Amino acid sequence: MPMHPQLRLALTLVAGTGLLAAALMTAGAADPPPPPTSPTQPLGGKAAPKAAAGQPRQITWEELVPKDWDPMKEFKGLDLGALQDGDPRANELLLKMQEVSNNAPTNPAMNGVEVRLPGFIVPLEQNKGEITEFLLVPYFGACIHTPPPPANQILHVRPQKGAKFRAMDTVWVSGKLQTARNDSMMGVSGYQMTAASVSKYTGGAK
């Protein structure tokens, strides 16, 4: 029996499994995305080199998630395959999964750390052709083509200078990371940064 399609998507994003978002190409992006990215294959991969002296620490998205957080803890034992379209239990479960995602805990060890992180731009505010506020997300299509990732996988960025990029462009952001929640029209972020720099991303998905 097929699983409720929206439930499958929500389950995928909350659990962080599957969905190669590179298939979700959009004409709105200035550049094509790098090699396939997804909840389990974020931009920048899962290993970051050590920072040079005096430089921001380059981190991975995985470091923003507490090691003991299990997003599926509340859903273990459920027969998700039995839920179909129109089943009120599916809608209730979708709301619960969204609540878990929006309240995903941050890693307190990252608060106040000067970091450098790659990601995809989801614009929030623009002025004279420059982006003045945006969300940074770990894989292509997040918040635009698919529901938002968990809050601990979204960074709310305000550049010190307007950034000349467009939706889903790949960039590096550098600045002091803060654990602070923000609810925007595109998703709930668990981190924020006043970025000292926003520059074009170079490199592969790993």
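Criteria and thresholds
- All residue numbers here refer to positions counted from 1 along the written sequence of the relevant chain.
- In view of the model being predicted, local features appear only for residues whose pLDDT reaches at least 70, and side-chain atom pairs are presented and counted only at 80 or more, with totals across whole chains, interfaces and linings using the full set of residues.
- Hydrogens and waters are ignored; side-chain quantities use all the structure's heavy atoms.
- Counting from the N terminus, the helices are the DSSP runs of H or I reaching at least four residues and the strands are the DSSP runs of E reaching at least two.
- Burial here depends on accessible area, computed with a 1.4 Å probe over protein chains only, as a share of the maximum for the residue type. Under 20% is buried, over 50% is exposed, and the range in between is partly exposed.
- Only heavy atoms matter for contacts: two residues are in contact if any of them lie within 4.5 Å across the pair.
- Under the convention used here, a 1.4 Å probe and the Shrake-Rupley method define accessible areas, while residue burial counts only the protein chains that appear.
- Residues enter a nonpolar core if they are buried and are Ala, Val, Leu, Ile, Met, Phe, Trp, Tyr or Cys, with the set joined through side-chain atoms within 4.5 Å.
- Under the pairing criterion, centres of Phe, Tyr and Trp rings, with the six-membered ring standing for Trp, must be within 6.5 Å; the plane angle then separates stacked pairs below 30 degrees from edge-to-face pairs above 60, leaving the rest tilted.
- Cation placement over rings: the criterion is NZ of Lys or CZ of Arg within 6 Å of the ring centroid and within 35° of the ring normal.

### Comments concerning the overall build of the chain
Link 1 in the chain: The helix and strand tally for the chain stands at two helices and seven strands.
Link 2 in the chain: Listing each helix as α and each strand as β along the chain from the N terminus yields α-β-α-β-β-β-β-β-β.
Link 3 in the chain: In the chain, which comprises 206 residues, the share counted as buried stands at 48%.
Link 4 in the chain: In the chain, 68% of the contacts between residues at least 6 apart in sequence involve partners at least 24 apart.
Link 5 in the chain: Taken as a whole, the chain presents about 10,400 Å² of accessible surface, with 52% of it coming from carbon and sulfur.

### Quick look at the nonpolar core
Link 1 in the chain: Counting residues in each nonpolar core, the largest one holds 22 residues, and the members touching the most others are Leu136, Leu155, Val173 and Leu177.
Link 2 in the chain: Where this core is concerned, the elements lending two or more residues are β2 (114–127), β3 (130–137), β4 (155–159), β5 (170–184) and β6 (187–195).
Link 3 in the chain: Once residues lying within four places of it in the same chain are set aside, the contact partners of leucine 136 are Trp61, Leu117, Pro118, Gly119, Phe120, Gln153, Ile154, Leu155, Val157, Val171 and Val173.
Link 4 in the chain: Core analysis: the next-biggest nonpolar cluster, separate from the first, contains 14 residues, Val122, Val137, Tyr139 and Phe140 among them.

### Structural notes on the packing of aromatic side chains
Link 1 in the chain: Across all of its chains, the model carries two aromatic pairs by this definition.
Link 2 in the chain: Centre to centre, the rings of phenylalanine 120 and phenylalanine 140 are 5.8 Å apart; their planes meet at 70°, and the pair counts as edge-to-face. Placement of phenylalanine 120 in strand β2 and of phenylalanine 140 in the loop between β3 and β4 is noted, with a sequence separation of 20 residues between them.
Link 3 in the chain: Positioned over the ring face of tryptophan 172 is arginine 116, at 3.7 Å from the centre of the ring.

All we've got here are geometric facts, nothing functional implied.
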